[in-house]
Amino acid sequence: MMKKIGRWFMLAVMFCVVCAFQADHVTTIFIIGDSTAAQKDLSTGSPERGWGMALQCYFDSTFVRVDNHAVNGRSSKSFINEKRWDKVLSLLKPGDYVIIQFGHNDEKPKADRHTDPGSTFDYNLAKFVRETREKGGIPILMNAVVRRNWLPADQAQTAKPVGQKIDDENLRNTVATGKVTSAEKAKRKKKKTAVELPHVLVDTHGLYIVAPRDVAQRMNVHFVDANRITHLLEDSLGEEGSKKLHMIYAPGEHPAIPQGRQDNTHYNIYGAHMVAQRLADALCKEIPLLSRYRTSGDVCNLEKTKH
């Protein structure tokens, strides 16, 4: 009897040791950034998701844990000034990764957010990189994901980035009326008699997607071109098909958004997973060690079918 008790005791001890070993050897991927990656309030039933919410689905949580600190409306400047970066640093362990992705809000003119590529934006990115390394972490720079901004081919050549011509807020209307204005009717009628040019996906970020690459090259940092990855995704779906990635709903289409929404920046559940899946692939290509822990994402298949 005593021998059996002893055996069970030893097994219990071994189990605890294995669990403690695994807990100590879990690598964390921290994400810092803006609303395109951020955690969302799910209490309202809204389908809006940041790609950072879906990333865990594509890595084995036994070995790799995703800790998403991206927040709506934050730029590299406000993320630092609000002490959010200090919190991430306090949690960072040697061997952990930090995905650094800003740009959408650094472009905004508001004084508490705005930075300039080539100067203050680059400085903040370099600060994240330097301080991550000082804690023994591994920084990964990403540039901003593309906005769904389709324009006629003849306008694409003259379109200017945010802050010069294209206002991000014009791509993020909160209400979909479902009505066609008289001006739009006249425009459509005119198009019937004219040669309609194809629409192309046009960049809105300008130098804000160049700066992360430049900093990565100067500081020898891992870089993932999230802008190109998402541009290819949206472009492959086309102007109409790419709507299914975003928070674009007609009035009454979704119970959580009865008025509808026309948002060409933020992702719904499907969109967040499509982006997260591709970014997971890119991370594994850039850092082959992570490919050992890449999963199919089957555990999240049910959620991915929801829109």
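Digging into the confidence of the model for the protein
Averaged over every residue, the pLDDT of the protein is 85; the share at 70 or more is 76%. In the predicted structure, residues 9–23 sits below a pLDDT of 50 and forms 1 contact with residues beyond four places in sequence or in another chain. Confidence drops under a pLDDT of 50 for residues 162–166, and excluding neighbours within four residues, the segment shows 13 contacts in the predicted structure.

Side note on the pairing of strand β3 (residues 97–101)
Consecutive side chains along a regular strand alternate between the two faces of the sheet. Across the 5 residues of β3, 5 count as buried, placing the element largely inside the fold. Along β3, one buried face is formed by Tyr97, Ile99 and Gln101 and the opposite face, lined by Val98 and Ile100, is buried too. Pairing of strand β1 (residues 27–33) with β3 involves 5 bridges; the strand directions are parallel. Bridging across to β3, glycine 33 finds its partner in glutamine 101. As paired elements, β3 and strand β4 (residues 138–142) share 5 bridges and run parallel to each other. Note on β4: the bridge partner recorded for glutamine 101 is methionine 142. As for the winding sense of the linkage, the β-α-β connection from β3 through helix α5 (residues 120–134) to β4 is right-handed.

Looking at the packing of α5 against helix α8 (residues 211–219)
Contact geometry for α5 and α8: axes closest at 10 Å, N-to-C directions at 45 degrees. In terms of axis orientation, α5 runs oblique to α8. Regarding α5 and α8, the two cross each other, and that crossing is right-handed. Facing α5, whose interface residues are Phe121, Asp122, Leu125, Ala126, Val129, Arg130 and Arg133, α8 presents Ala211, Pro212, Val215, Arg218 and Met219. Residue composition of the contact of α5 with α8, by class: 8 nonpolar, no polar and 4 charged.

Re the side chain of aspartate 263
Within the secondary structure layout, aspartate 263 lies in strand β10 (residues 261–267). A distance of 2.7 Å separates polar atoms of two side chains, one belonging to aspartate 263 and the other to arginine 261.

Structural notes on the sheet that holds β3
On the basis of which strands lie adjacent, the open sheet formed by 5 strands has the order β2-β1-β3-β4-β8 and parallel pairing. Of all strands in the sheet, those bounded by a partner on one side alone are β2 (64–68) and β8 (222–224). On average, each strand axis in the sheet is tilted by 25 degrees relative to the strand beside it, whichever way the strands run. Lying over the sheet, helix α4 (residues 84–91) contacts β1, β2 and β3, oriented at roughly 175 degrees with respect to β1.

Considering the environment of valine 146
Examined against the element boundaries, valine 146 turns out to sit in the loop between β4 and β5 (150–152). Taking relative accessible area as the criterion, valine 146 reaches 2% and is therefore assigned buried. When the C-alpha atoms of valine 146 and threonine 36 are compared, they prove to be 9.9 Å apart, with 110 residues separating the residues in sequence.

Side note on the packing of aromatic side chains
For the coordinates displayed, the defined rule picks out 5 aromatic pairs. Residues tryptophan 85 and phenylalanine 128 carry aromatic rings whose centres are separated by 5.0 Å and whose planes lie at 75 degrees to one another, so their mutual orientation is edge-to-face. Placement of tryptophan 85 in helix α4 and of phenylalanine 128 in helix α5 is noted, with a sequence separation of 43 residues between them. Residue classification places phenylalanine 128 among the buried residues on the basis of a relative accessible area of 0%. Members of the aromatic cluster, each reached through a chain of ring pairs, are Phe79, Trp85, Phe102 and Phe128.

Some details on the nonpolar core
One finds Trp51, Leu55, Phe59, Ile99 and Leu283 to be the most contacted residues of the largest nonpolar core, which totals 37 residues. Those elements giving two or more residues to this core turn out to be β1, α2 (51–54), β2, β3, β4, α9 (226–241) and α10 (269–286). With 10 residues, α10 is the single largest residue contributor to this core. Once residues lying within four places of it in the same chain are set aside, the contact partners of leucine 283 are Leu55, Phe59, Ile99, Ile140, Met142, Val224 and Leu290. Grouped together as the second largest cluster of nonpolar side chains are 23 residues, Ile100, Tyr208, Ala211 and Ala216 included.

Overview of the pairing of β1
Here β1 lies mainly inside the structure; 6 of its 7 residues are buried. Relative to β2, β1 is paired through 5 bridges, and the arrangement is parallel. Bridge assignment links isoleucine 29 to a residue of β2, and that residue is valine 66.

Concerning α5
When the terminal C-alpha atoms of α5 are compared, their 21 Å separation across 15 residues agrees well with the 21 Å that a helix rising 1.5 Å per residue should span. Those residues of α5 that sit buried are Phe121, Asp122, Asn124, Leu125, Ala126, Lys127, Phe128, Val129, Glu131 and Thr132. Residues of α5 that are buried make contact with β1, α3 (76–81), α4, β3, β4 and α8.

Conventions used here
Residues numbered from 1 in each chain as written. Predicted model: local features only at pLDDT ≥ 70, side-chain atom pairs only at ≥ 80, totals over all residues. Heavy atoms only, no water. pLDDT = per-residue confidence, 0-100. Contact = heavy atoms within 4.5 Å. Buried < 20%, exposed > 50% of the residue type's maximum accessible area, 1.4 Å probe, protein only. Helix = DSSP H or I, 4+ residues; strand = E, 2+ residues; numbered from the N terminus. Pairing = 2+ DSSP bridges. Right-handed = clockwise from strand over helix to strand, strands pointing away. Axes fitted to C-alpha atoms, helices over the stretch in contact; angles between N-to-C directions. Parallel < 35°, antiparallel > 145°, perpendicular 65-115°, else oblique. Left-handed = near helix turned anticlockwise from the far one by under 90°. Nonpolar A, V, L, I, M, F, W, Y, C, P; charged D, E, K, R; others polar. Polar contact = N/O pair within 3.5 Å; in protein donor to acceptor, adjacent residues only side chain to side chain. Phe/Tyr/Trp six-rings, centres within 6.5 Å; stacked < 30°, edge-to-face > 60°. Core = buried A, V, L, I, M, F, W, Y, C linked by side-chain atoms within 4.5 Å. Expected span 1.5 Å × (residues − 1).

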